[in-house]
Number of protein chains: 2
Amino acid sequence: MSYESLVIEERSTNKKKQKPETKEIPFGRKFTDHMFTMDYDEVKGWHDPKIVPYQPINLDPAAMIFHYGQTVFEGLKAYRTDDERVLLFRPDRNLARLNKSSERLSIPALDEDKVMDYLLELVRLERDWVPSFEGTSLYIRPFIISTEPNLAVAPSKSYTFMVILSPVGPYFSGGIHPVQINVEDQFTRAVKGGTGMAKTAGNYSSGYQAQAKASETGNADVLWLDGVEKKYIEEVGSMNIFFKIDGEVVTPALNGSILKGITRTSILEVLNDWNVPVTERKISIDELAEAYDAGKLEEAFGTGTAAVISPVGELNWKGKKMEINNREIGPLSQELYDTITGIQRGRREDTYGWTVEV
Amino acid sequence: MSYESLVIEERSTNKKKQKPETKEIPFGRKFTDHMFTMDYDEVKGWHDPKIVPYQPINLDPAAMIFHYGQTVFEGLKAYRTDDERVLLFRPDRNLARLNKSSERLSIPALDEDKVMDYLLELVRLERDWVPSFEGTSLYIRPFIISTEPNLAVAPSKSYTFMVILSPVGPYFSGGIHPVQINVEDQFTRAVKGGTGMAKTAGNYSSGYQAQAKASETGNADVLWLDGVEKKYIEEVGSMNIFFKIDGEVVTPALNGSILKGITRTSILEVLNDWNVPVTERKISIDELAEAYDAGKLEEAFGTGTAAVISPVGELNWKGKKMEINNREIGPLSQELYDTITGIQRGRREDTYGWTVEV
Ligand SMILES: Cc1ncc(COP(=O)(O)O)c(C=O)c1O
Ligand SMILES: Cc1ncc(COP(=O)(O)O)c(C=O)c1O
């Protein structure tokens with residue numbers, strides 16, 4: 001792997017974009033002044049790391065990304081603290097997961113340490129773009145696309161790795177609030193032996209039909225069941241899922257078709273720290289419905305970078321409506337939310353060493 | 001749906017590319033002088049159909065195609081006949097399938113009749129690019145990409161439909177010859193409720209790991225089993241599969257995870273016409289192995305636009321090696337190949353009305 005030293009092409013001051021000045025920033029539509037790019041070819045490996053003005057990508061129409069979907073991505077955030085520091089939350093985990101996703105998609109690995117430096121450099125340059133309102137952050141989207149112009153169904157011989165940055169508002173305006181979720185019984189997101197454990201493009205658009213179906217009946221998102229038996233709970237659209245049943249916390253075990261969320265991992269660590277009983281295991285939708293009927297389903301919440309904790313107020317499964325905790329935020333959900341966001345925003349002591357200052 | 005009339009921007013004569021002059025043309029690397037493009041937005045629908053010089057696509061780095069894989073494609077060929085006509089093979093089927101794929105991916109439908117006109121117009125303009133050597137053709141790649149710059153996980157509000165053309169050599173130089181194929185027992189291509197029946201990018205790169213595994217042991221391709229039980233035969237990388245067992249032809253029934261190949265459909269029609277017993281049904285790898293052991297597996301062949309018929313000489317399944325018809329082309333495979341390619345090249349009467357003259 002050959003990496004040259006990072007080149008920074010600065011945008012001239014007078015061309016700078018307007019930064020959003022409210023907290024109502026729609027997710028992922030506004031981008032900062034610069035982006036990071038680095039290319040790969042078989043001779044040079046990953047090379048030519050550059051920070052350049054945010055600009056269009058120019059690709060041959062035969063570039064493999066357009067035809068065979070060989071691509072991976074990540075999503076993390078930079079948070080502004082009250083004392084004007086900028087923190088990232090476990091960014092090493094995102095780069096490690098990016099490489100794991102790449103392995104599944106036959107994309108050459110990145111040097112995680114070097115890429116971490118480039119990432120920090122980019123955020124440093126754009127640090128004025130990190131918003132400060134409660135719940136806002138600078139969303140960081142690293143991604144790799146296959147660029148070889150070739151219609152043969154085979155791994156690309158060239159790639160571009162890019163990082164773009166987008167200031168984003170709070171996932172729920174006015175703090176967290178419980179959402180209504182549909183348990184999908186027809187469409188499948190992922191299956192053993194497939195790409196479910198990788199963060200790759202095709203996993204997401206394949207869920208649009210199920211999303212549309214869910215939202216027709218007022219649901220905000222989809223809860224996916226396993227692709228084999230349509231029985232075991234996997235995860236929500238872009239979140240892992242946790243349940244508190246009769247005093248115990250349960251989350252589906254990683255089985256090859258679930259994405260290993262960094263928020264999920266962090267919450268498991270926090271719960272262990274708090275001596276809250278928590279297990280990663282198979283959990284069927286029937287078991288959940290029984291627990292509900294027995295009055296034992298105390299809380300349910302999704303976890304992910306976007307919302308950190310998203311309490312589930314209602315689960316709909318084949319006509320069965322399960323209202324959880326009277327559609328209110330449960331005490332465990334709230335405490336986890338406060339703890340993780342507290343660490344992210346530098347308001348609680350980071351005893352885990354999870355934050356990285358830019 | 002609003003379509004304006006087609007605009008053709010011709011490339012100036014002196015910039016024309018060199019056409020390949022041998023039949024050894026590698027697949028999908030060389031493209032013609034022009035391409036077709038048409039855009040979609042929510043206000044105008046599909047609009048602005050244009051034939052323009054072949055040129056790079058310019059996209060925002062946040063364009064949804066790079067992140068969530070909302071894209072579909074097709075593949076068909078234009079053949080030159082001995083009397084210098086140019087024929088397409090069942091192109092209406094490709095456009096119908098494109099729309100079916102789009103439906104699964106929440107992409108707005110195209111007007112098939114209008115798009116057929118545009119497609120014919122493009123091939124007409126580039127007809128000198130249709131090579132004449134035996135086994136060569138002009139490969140046609142229609143595809144739709146999602147272009148809205150937005151990181152929200154939701155269907156794009158804008159799309160571009162494009163058609164690019166690539167002169168291609170024979171799939172097997174020197175006529176058809178039997179290939180060795182590995183039966184994949186770990187990785188999964190598709191599952192019920194997923195996107196297997198759609199021609200969408202993510203279905204292809206997800207197979208690269210299995211392809212690499214297969215080729216390490218000398219196999220040319222992968223035979224996929226169903227994602228649920230890892231038991232029932234589905235299809236090969238980019239081909240459907242047929243077996244002749246004890247005088248009867250069998251092909252896996254369309255079950256929602258198999259692509260409905262146009263070659264497959266055509267072969268079913270031809271076999272029916274010939275009164276060769278043929279059934280579409282579930283067939284397990286165990287049943288196939290038993291038939292093989294009993295000496296009843298007479299022929300096996302893949303079917304697809306690329307090779308038309310690709311005889312299978314050897315199937316490898318968990319250490320079991322099945323050599324089929326002494327690794328020779330079976331008489332049925334050969335006759336089907338001659339019939340379909342004969343119709344495609346205008347050498348046999350097209351009693352089915354399958355060809356469309358450009
Ligand atoms: C499919 C899927 N599951 C779960 C998650 C949650 O992962 P994380 O906590 O790392 O954001 C995400 C988002 O990244 C996702 O896309
Ligand atoms: C997955 C898959 N199966 C089967 C086929 C064969 O389809 P057709 O005969 O229409 O080329 C293809 C190629 O188009 C394919 O990509």
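All values reported here derive from a predicted model rather than from experimental measurement.

Q: Can you help me understand the packing of aromatic side chains in this one?
A: In this description, an aromatic ring pair is defined by two values, namely the gap between the centres and the angle between the planes. For the structure shown, the criterion picks out 29 aromatic pairs over all chains. With a centroid separation of 5.6 Å and an interplanar angle of 80°, the aromatic rings of F89 of chain A and W354 of chain A are classed as edge-to-face. Taken together, the residues F89 of chain A in strand 7 (residues 86-89) and W354 of chain A in the loop between helix 8 (331-344) and strand 19 (355-357) connect sequence positions 265 residues apart. Pair check on accessibility: F89 of chain A and W354 of chain A agree, each one buried. Plain terms: the ring middles of F242 of chain A and F301 of chain A are 5.3 Å apart, the flat faces sit at 5° to each other, and that makes the pair stacked. Taken together, the positions of F242 of chain A in strand 13 (residues 240-245) and F301 of chain A in strand 16 (residues 297-304) put the pair 59 residues apart, joining distant regions of the chain. Per residue, the accessibility class of F242 of chain A equals that of F301 of chain A, and both read buried. Of the aromatic side chains, those joined through ring pairs into one cluster are F36, Y40, W46, Y118, Y159 and F161 of chain A. In this structure, K17 of chain A is placed above the aromatic ring of Y54 of chain A, and the distance from its NZ or CZ to the ring centre is 4.4 Å. A cation over an aromatic ring shows up here: K282 of chain B above the ring of Y232 of chain B, its NZ or CZ 4.3 Å from the ring centre.

Q: Mind showing me how you'd approach the site of ligand 1 here?
A: All names here are of chain A. The immediate surroundings of ligand 1 are formed by 16 residues, with K199, Y204, E235, T263 and T305 found nearest. For ligand 1, an oxygen atom lies 2.7 Å from a polar atom in the backbone of I262. At 2.6 Å, a side-chain N or O of T305 approaches an oxygen atom of ligand 1. Relative to its free-state accessible area of 380 Å², ligand 1 is covered by the protein chains to the extent of 97%. Breaking the shell around ligand 1 down by element, the ones donating at least two residues are helix 6 (262-273) and strand 16. Its residues assigned to classes, the shell around ligand 1 shows four nonpolar, eight polar and four charged.

Q: Please clarify how the relation of the copies chain A and chain B should be interpreted in this entry.
A: Each copy of the chain is related to the other by a rotation around an axis and a translation along that axis. For the match of chain A to chain B, the screw axis carries a shift of 0.0 Å, the RMSD comes to 0.0 Å, and the turn is 180°. Read as a symmetry element, the transformation amounts to a two-fold axis. Take the interface residues of chain A: 100% of them recur as interface residues in chain B, which is what a same-surface contact looks like.

Q: What's the story with the side chain of T200 of chain A in this structure? I'm lost.
A: Residues and elements named next belong to chain A. Looking at where T200 falls in the secondary structure, it is placed in the loop between strand 10 (179-183) and helix 4 (202-205). A relative accessible area of 4% places T200 in the buried class. A polar contact of 2.6 Å, which involves the side chain of T200, links it to the backbone oxygen of T71. Beyond its immediate chain neighbours, meaning those up to four positions away, T200 contacts G69, T71, V72, F73, L105 and T195.

Q: Is there a simple way to think about empty space enclosed by the protein in this case?
A: A probe matching the size of a water molecule, rolled over the atoms, marks out where space remains unfilled. Per the counting criterion, the structure on display carries six cavities of 30 Å³ or more. In this model, the largest cavity occupies a volume close to 330 Å³. Looking at the largest cavity, it is lined by 27 residues, and the ones nearest its centre are R189, T195 and N203 of chain A together with T195 and N203 of chain B. Broken down by secondary-structure element, the contributors of at least two residues to the lining of the largest cavity are helix 4 of chain A together with helix 4 (202-205) of chain B.

Q: Explain the pattern of salt bridges here, please?
A: Side-chain pairing between opposite charges can occur once the charged atoms of the two side chains come close. All told, the structure shown has 40 salt bridges over all chains when counted by the stated rule. E184 of chain A is the partner of K213 of chain A in a salt bridge, and the nearest nitrogen-oxygen pair spans 2.8 Å. Residue K213 of chain A is located in helix 5 (residues 208-216), and its partner E184 of chain A is located in the loop between strand 10 and helix 4; the two are separated by 29 residues in the primary sequence. The exposure class assigned to K213 of chain A is partly exposed, which follows from its relative accessible area of 25%. Note on E184 of chain A: relative accessible area 0%, which makes it buried. Among the ionic pairs, E357 of chain B bridges to R85 of chain B, the shortest N-O distance being 3.6 Å.

Q: Help me understand the domain arrangement of chain A, please; the structure alone is not making it clear to me.
A: Interface extent is often summarised as the accessible area lost during association of the parts. All names here are of chain A. In terms of domain boundaries, chain A breaks down into domain 1 (7-168) and domain 2 (179-344). One C-alpha centre belongs to domain 1, the other to domain 2; they are set 28 Å apart. On the side of domain 2, 21 residues touch domain 1, which itself brings 18 residues to the contact. Summing both partners gives a buried area of about 1,700 Å² for domain 1 against domain 2, and 59% of it is carried by carbon and sulfur. When the buried area of domain 1 at its contact with domain 2 is split by residue, F73, F89 and R97 rank highest and sum to 35% of it. Viewed at the interface, domain 2 and domain 1 are joined by one salt bridge. E269 is the salt-bridge partner of R90, the closest N and O atoms lying 3.2 Å from each other. Connecting domain 1 to domain 2 are 11 residue pairs in polar contact (both at pLDDT 80 or more).

Thresholds, definitions, all that
- Along each chain, residue indices are assigned from 1 in the same order as the chain's sequence is written.
- As a convention, the first chain written is A and the first ligand written is 1, with the rest following in written order.
- Restriction of local features to residues with pLDDT of at least 70 applies here, the model being predicted, together with a cutoff of 80 or more for giving and counting side-chain atom pairs; totals for whole chains, interfaces and linings are based on all residues.
- Calculated side-chain values reflect all of the structure's heavy atoms, with hydrogen atoms and water omitted.
- The pairing test for Phe, Tyr and Trp rings, Trp by its six-membered ring, is centres within 6.5 Å, and the orientation test on the planes gives stacked under 30 degrees, edge-to-face over 60, and tilted for anything in between.
- Segments assigned H or I by DSSP are reported as helices when at least four residues long, segments assigned E as strands when at least two residues long, and all are numbered from the N terminus.
- Buried, partly exposed and exposed residues are distinguished by accessible area as a fraction of the type maximum, computed with a 1.4 Å probe on protein chains only: under 20%, between the cut-offs, and over 50%, respectively.
- In this analysis the charged atom, NZ for Lys or CZ for Arg, is taken to sit over a ring once it is within 6 Å of the ring centre and within 35 degrees of the ring normal.
- When at least one non-hydrogen atom of a residue lies within 4 Å of a molecule or strand, that residue is treated as near it.
- What qualifies as a polar contact is a pair of N or O atoms within 3.5 Å, subject to a donor-acceptor requirement within protein and to the restriction that residues adjacent in sequence count only when both atoms come from side chains.
- For the area figures, the Shrake-Rupley method with a 1.4 Å probe applies, and any residue is considered shielded solely by the protein chains shown.
- Here the nonpolar group is Ala, Val, Leu, Ile, Met, Phe, Trp, Tyr, Cys and Pro; Asp, Glu, Lys and Arg are the charged ones; every other residue, Gly included, is treated as polar.
- In this comparison the copies share one frame, found by least squares on the C-alpha atoms of residues holding pLDDT of at least 70 in both.
- The contact criterion used is simple: two residues touch if any of their non-hydrogen atoms lie within 4.5 Å.
- Residues are called lining when one of their atoms sits within 4 Å of a cavity or pocket point, these points coming from a 1 Å grid over the protein atoms alone, where a cavity is a set in which a 1.4 Å probe fits but cannot get out and a pocket is an open set with protein on both sides within 12 Å along at least five of seven lines.
- Grid points are joined across faces, edges and corners, and a volume is the space filled by probe spheres set on the points.
- Salt bridge, as applied in this entry: a Lys or Arg side-chain nitrogen positioned within 4 Å of an Asp or Glu carboxyl oxygen.
- Start and end positions for the domains come from either an automated domain assignment or a database one.
- Accessible area that two parts lose when put together, with a 1.4 Å probe and added across both, is what the buried area reports.

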